[in-house]
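Secondary and tertiary structure notes
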Amino acid sequence: EADLSATLPLQGKKVLVTAGPTYEPIDPVRFIGNHSTGKMGYDIADQAAKMGAQVILISGPSNLAPKNNNVQVIRVVSCEQMYKACHQYFATSDVAIAAAAVADYKPKHVASEKIKKSDADFTIELEKNPDILASLGKIKKQQFLIGFALETENEIEHAKQKITKKNLDLIVLNSLKDEGAGFGKPTNKVTFIDANFNLEPIELKSKEEVAADIINKVINHYA
Ligand code: CTP
Ligand code: CA
């Protein structure tokens, strides 16, 4: 019997995807997080698998599950955990796509017991989290590295700076200005910018369709 899977464009390729938010603990019952649902990253993982890739999806807290059996999910909570998981799988990956909304800062001290309220106001000191994507850019060899950029002003300029700073091959610029785009929405308005700063604006479309466009960029890279 013919092996139809052998004809898929990403057959034999290993794709690493990050998705979802990270939660940074304050104490045993509280955390700092964000509104990311993970949908964009899960759709990318499913689309890559549909095209024949072997996919590792490193996901922060999310209610979603991949649809495709060729997506292996590794569930993490904090940036530190996501960082470790990414570095565990990056060396053997051909492609890495960072769709996670990683917390830029975390509480400097994590209380071992629930923090009790007092009459005084309360301040949480924050320290910087490592930039996972930039750390992968520093060590990348054969990998095709794709990042996202969420901007609200000077979007193109800021996204170009991220390409350079993180050593990316492609960035997906997310416009929050657009009504149909962003957290919890089924649609996204993106612009692709490649390492030569070529711009490709994409019309508003579903996250599944944006995922397909992103995976087509990967397929074209190997074509
Ligand atoms: N990213 C990451 N690790 C971090 C922060 C961001 O891997 N600690 C990745 C995201 O997954 C995304 C890209 O970096 O692919 C850009 O994230 P974004 O928040 O837009 O940019 P930052 O570099 O964090 O800068 P800022 O939030 O100040 O715009
Ligand atoms: Ca950020």
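So, here's what we can say about the structure. All values reported here derive from a predicted model rather than from experimental measurement. (Residues numbered from 1 in each chain as written. Chains lettered and ligands numbered in written order. Predicted model: local features only at pLDDT ≥ 70, side-chain atom pairs only at ≥ 80, totals over all residues.)

Here we come to the sheet that holds strand β1 (residues 14-19). Read across the sheet, eight strands follow the order β5-β4-β1-β6-β9-β10-β12-β13 without closing on themselves; strand pairing throughout is mixed. Looking along the sheet, the strands with just one partner apiece sit at the ends: β5 (71-75) and β13 (199-201). Averaged over all neighbouring strand pairs, the angle between strand axes comes to 15 degrees, with direction disregarded. Here strand β12 (residues 190-194) pairs with β13 via three bridges, running antiparallel. Looking across to β13, one finds that Ile-193 is bridged to Leu-199. Against the sheet, helix α1 (residues 39-50) contacts β1, β4 (54-59), β5 and β6 (95-98), and its axis sits at roughly 165 degrees relative to β1. (Pairing = 2+ DSSP bridges. Helix = DSSP H or I, 4+ residues; strand = E, 2+ residues; numbered from the N terminus. Axes fitted to C-alpha atoms, helices over the stretch in contact; angles between N-to-C directions. Contact = placed C-beta atoms within 7 Å.)

This next bit is on the site of ligand 1. Around ligand 1 there are 15 residues in total, and Ala-98, Val-102, Ile-132, Leu-133 and Gly-147 lie nearest to it. Taken together, the elements giving at least two residues each to the shell around ligand 1 come down to α3 (132-139) and β9 (144-151). Top element by residues in the shell around ligand 1 is β9. It accounts for four residues. Of the residues belonging to the shell around ligand 1, the class tally is nine nonpolar, three polar and three charged. (Near = placed C-beta within 6 Å. Nonpolar A, V, L, I, M, F, W, Y, C, P; charged D, E, K, R; others polar.)

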